[in-house]
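# What the coordinates show
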Amino acid sequence: MRPHPPGGEAPHRAGCGCQHGRVSIDLHTHSTASDGLVEPGELMGLAAEAGLTVVALTDHDTTAGHGRAAAALPPGLTLVPGAEISCYVEVDGRSVSLHVLAYLFDATEPAFASVRAQIREHRATRARQMVRLLADAGHPVTWEQVSELAAGTVGRPHVAAAMVEAGLVPTVSAAFSREWIGASGPYWVGKWQPDVWQTLSLIRAAGGVSVFAHPYASRRGVTVGPDVIERMTAAGLTGVEVDHPDHDSDERRRLRGLAADLDLVTTGSSDFHGSSKPQGLGAESTSPATYERLVAAASGARPITGPTG
Ligand code: AMP
Ligand code: ZN
Ligand code: FE
Ligand code: FE
């Protein structure tokens, strides 16, 4: 897909392959502020090139990329500041990890800011522990290597990339297997994260709006049932991410039905990470009506528009 010629002057021609006059909204992307491979400013350029008109930057547990993204906004692109918050829910005595997308919250609100900082601190501690476990078993990975790869929030993808560099595994994905740093693997260490109830309440208190990220993505691990999503809705959840690369068609269908029953908005997003994951920007998208409903429900921040003309 080519962008429409810049400046808006050139007339649109049928078949020119651009997104002229069309709205294309992608509400879930990552940059080097967490485990994405593209710097936030550069990501805004790629988003415009991909024909997006609205893009949300939702790095894991951080807003550190927002300033650079906003400063680099090309004409015609709107940035929705957000973050993807790591949290858990207790189900039948078992802890299940979840991701909640938070949009348009006040990033300076102290209670939520402090929890995001805590998650990041614990992530760093836990990554050091994974490196120690690997090194103790004779696998040559160092913290220096990992911290060089992580310019922001540290995650397992950074440890995985260091493992690839060290020749321990052929790909980042291979490192996520149960023999290595996949959940319950020998070199995996869990991370501290807030529970989902606290997370939803923090997002709301900071004026934000929340969307449950990839709720039924069974290929990523254990998922929750509709009962949990119903309780989350009562606790202030506004939407569910239905169209996500990790959802198959049956998961999408079930989730769409549940969202209709619970009056949740349904989003579609690429979860773009750069070339470490196959999906391109805009691979999935959100309708303008849903986007407007999310913006209307938030009071902590406004979408940021690029320069006009
Ligand atoms: P963490 O939050 O540090 O436990 O790392 C989990 C993150 O790793 C997820 O948010 C994904 O972005 C990424 N991830 C999970 N599985 C894989 C995989 N198989 N290959 C590459 N990245 C993955
Ligand atoms: Zn990620
Ligand atoms: Fe996620
Ligand atoms: Fe994500």
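Residues numbered from 1 in each chain as written. Chains lettered and ligands numbered in written order. Predicted model: local features only at pLDDT ≥ 70, side-chain atom pairs only at ≥ 80, totals over all residues. Heavy atoms only, no water.

### Points about helix α3 (residues 110-136)
Stated formally: Strands are runs of DSSP state E lasting at least two residues, helices are runs of H or I lasting at least four, and both sets are numbered from the N terminus onward. The span you would expect from a helix comes to 1.5 Å times its residue count less one. Relative accessibility decides the category of a residue: with a 1.4 Å probe and only protein chains considered, values under 20% of the type maximum give buried, values over 50% give exposed, and everything between is partly exposed. The contact criterion used throughout is that any non-hydrogen atoms of two residues lie within 4.5 Å. We call two N or O atoms a polar contact when they sit within 3.5 Å, provided that within protein one can donate a hydrogen and the other can accept it, with sequence-adjacent residues counted only if both atoms are side-chain atoms.
Spanning 27 residues, α3 covers 39 Å between terminal C-alpha atoms, matching the ideal 39 Å at 1.5 Å per step. Those residues of α3 that sit buried are Phe-112, Val-115, Arg-116, Ile-119, Arg-123, Arg-126, Ala-127, Met-130, Val-131 and Leu-134. In this structure, the buried residues of α3 make contact with β3 (78-91), β4 (94-103), α4 (143-149), α5 (156-165) and α7 (196-205). The backbone nitrogen of Ala-111 lies 3.1 Å from a side-chain oxygen of the residue at the head of α3, namely Glu-109.

### Focus: the site of ligand 1
Using the following cut-off: Neighbouring residues are identified by heavy atoms, a residue being near a molecule or strand if any of them is within 4 Å of it. Using a 1.4 Å probe, accessible areas were evaluated by the Shrake-Rupley method; residue-level cover was limited to the displayed protein chains. Note on residue classes: Ala, Val, Leu, Ile, Met, Phe, Trp, Tyr, Cys and Pro are nonpolar, Asp, Glu, Lys and Arg are charged, and everything else, Gly too, is polar.
Residues in close proximity to ligand 1 total 15 residues, the closest being Arg-123, Arg-126, Arg-156, Lys-191 and Lys-277. Here an oxygen atom of ligand 1 and a side-chain polar atom of Arg-123 are 3.0 Å apart. A distance of 2.8 Å separates an oxygen atom of ligand 1 from a polar atom in the side chain of Arg-126. Contact with the protein chains hides 83% of the accessible area of ligand 1, taken as 490 Å² for the molecule alone. At the level of elements, α3, α5 and α6 (172-175) are the ones that each hand at least two residues to the shell around ligand 1. Its residues assigned to classes, the shell around ligand 1 comprises three nonpolar, five polar and seven charged.

Just distances and angles here, no functional claims.
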